[in-house]
Amino acid sequence: MGLIDRLLGSREKVVYIGVGGAGVAAINDLSKRRVRGQLIAIDTDESILEMLGENVEVVLAGKRTGKDYGSNGDAALAQSLILDEGTKITDLLLKNDADTAVIISAVGGGTGTGGTPIVADLCREFGKNVITLIIAPFAIEKARIKKAKEGIREIQKASDVSYIFENDQMVSANEAMSETLVKANRLIADKALKEMRIS
Ligand SMILES: Nc1nc2c(ncn2[C@@H]2O[C@H](COP(=O)(O)OP(=O)(O)OP(=O)(O)O)[C@@H](O)[C@H]2O)c(=O)[nH]1
Ligand SMILES: [Mg+2]
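Please read all numbers here as calculations on a predicted model, not as lab measurements.

Trainee: I'd like a rundown of the nonpolar core, residues and numbers included.
Mentor: One recurring pattern in soluble globular proteins: nonpolar side chains tend to sit buried together. Core analysis: the largest hydrophobic core is formed by 49 residues, its most contacted members being I42 and V119. Ignoring anything within four residues of it in the chain, the contact list for V119 reads I17, V19, I42, I89 and I103.

This is the structure:
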C-alpha cells in the first residue's frame, strides 16, 4: 500500500456526481486529479458528456434531437428524462459502497435544477449522506433567477448538507468569461475534495 493510501485509507468512501453542464465541468476537473472515489456525470446533453475521460461513468438522459442539446432550460423535462434513466443511475451507485455522495450542479438551467433533487433522493435511498454543491447563476441571467431559487430549495430538501457557490462572487475584473468558469470549476472541485478530508 502506498503512502497516500495509508494516509487516506481510513476515509469514508465517496461518490462524486455532476448533474448538468456546470456540474459535469467540475467532475471533469476532478477526473484529471488524483481523486479517490467514483466519478459519475449525468446530463441531458451528449456533447457535454463527450469531453470526459474514461475514469468518469456517464449517464446520458434523453436523446440528441437534431440540433437541440440538453433540456434547453426545461427543468420538468430534464426531471422526467433523468427519472427514465433511474435504473442506470442505481446500477452505477450499486457498483460502490460509498457512504457519502457529493453532488455538484448549477441551478437556473434545466438539467441541474430538475435532475439534482432526483439524484440526491436516489443517493439517500441508498443510505448515503448527501452533500450538494450548488452553483447559483450570474445576476445578469435575470430570467434564470426565480427558477434558480426554487431549484436551491428543492435541492436543499434532498440534502444533508449543502453549499452555495455564487457565480458572481467567482468573477475577477478584466477576466474572460471562459477563464472565470475554469477557475470557478476548480474552486468547486477543490471544495468537493476538501469536504471529504474533513468529514
Ligand atoms: N461555475 C460554473 N457555472 C456555469 C458553468 N456553465 C454554466 N454555468 C452556470 O450554470 C447555470 C446553469 O447552466 P448549466 O449547468 O449549463 O445548465 P444545465 O443544468 O446543463 O441545464 P440545461 O442545459 O438547460 O439542460 C448557467 O446559467 C450559468 O450561470 C461552468 O462551467 N461553471
Ligand atoms: Mg446543459
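Having seen the structure, we can now continue with the description.
Trainee: Break down the sheet that holds strand β5 (residues 129-136) for me, citing the residues and quoting the values.
Mentor: Overall, parallel pairing links the six strands, which are arranged β3-β2-β1-β4-β5-β6 in an open sheet. Either end of the sheet is taken by a strand with one partner, and the two such strands are β3 (57-60) and β6 (161-166). Between one strand axis and the next, the sheet turns by 15 degrees as a mean value, whatever way the strands run. Looking at chain direction, strand β2 (residues 38-43) and β3 are connected through four bridges and run parallel. The residue bridging D43 from the neighbouring strand is L60, located in β3. Most of the contacts of helix α2 (residues 20-31) go to strand β4 (residues 100-106), to which it runs at about 125 degrees, and overall it touches β1 (14-19), β2, β4 and β5.

Trainee: I'd like a rundown of the site of ligand 1, residues and numbers included.
Mentor: Every one of the 26 residues lining ligand 1 counts as a neighbour, but G20, G21, A106, G109 and G112 are closest to it. When residues of the shell around ligand 1 are traced back to their parent elements, those giving at least two are α2, α6 (111-125) and α8 (177-198). When grouped by side-chain class, the residues that make up the shell around ligand 1 number nine nonpolar, 14 polar and three charged.

Trainee: Report on α6, specifying residues and quantitative values.
Mentor: Spanning 15 residues, α6 covers 21 Å between terminal C-alpha atoms, matching the ideal 21 Å at 1.5 Å per step. Within α6, 12 of the 15 residues are buried, which leaves the element mostly enclosed by the surrounding structure. Every buried residue belonging to α6 is among T111, G112, T113, G114, G115, T116, P117, I118, V119, A120, L122 and C123, and all of these are buried. Following α6 by one or two positions, G127 adopts a phi angle in the positive range, close to 80 degrees.

Trainee: Tell me about the packing of α2 against α6, and name the residues and values.
Mentor: Interhelical geometry of α2 versus α6 gives an angle of 70 degrees and a closest axis separation of 7 Å. Between α2 and α6, the angle falls in the class roughly perpendicular. Residues G20, A22 and G23 of α2 pack against T111, G112 and G115 of α6. The residue makeup of the contact of α2 with α6, split by class, is one nonpolar, five polar and no charged.

Cut-off values and rules
Residues numbered from 1 in each chain as written. Chains lettered and ligands numbered in written order. Predicted model: local features only at pLDDT ≥ 70, side-chain atom pairs only at ≥ 80, totals over all residues. Core = buried A, V, L, I, M, F, W, Y, C linked by C-beta atoms within 7 Å. Buried ≥ 20, exposed ≤ 12 C-beta atoms within 10 Å, placed from the backbone. Contact = placed C-beta atoms within 7 Å. Pairing = 2+ DSSP bridges. Helix = DSSP H or I, 4+ residues; strand = E, 2+ residues; numbered from the N terminus. Axes fitted to C-alpha atoms, helices over the stretch in contact; angles between N-to-C directions. Near = placed C-beta within 6 Å. Nonpolar A, V, L, I, M, F, W, Y, C, P; charged D, E, K, R; others polar. Expected span 1.5 Å × (residues − 1). Parallel < 35°, antiparallel > 145°, perpendicular 65-115°, else oblique.

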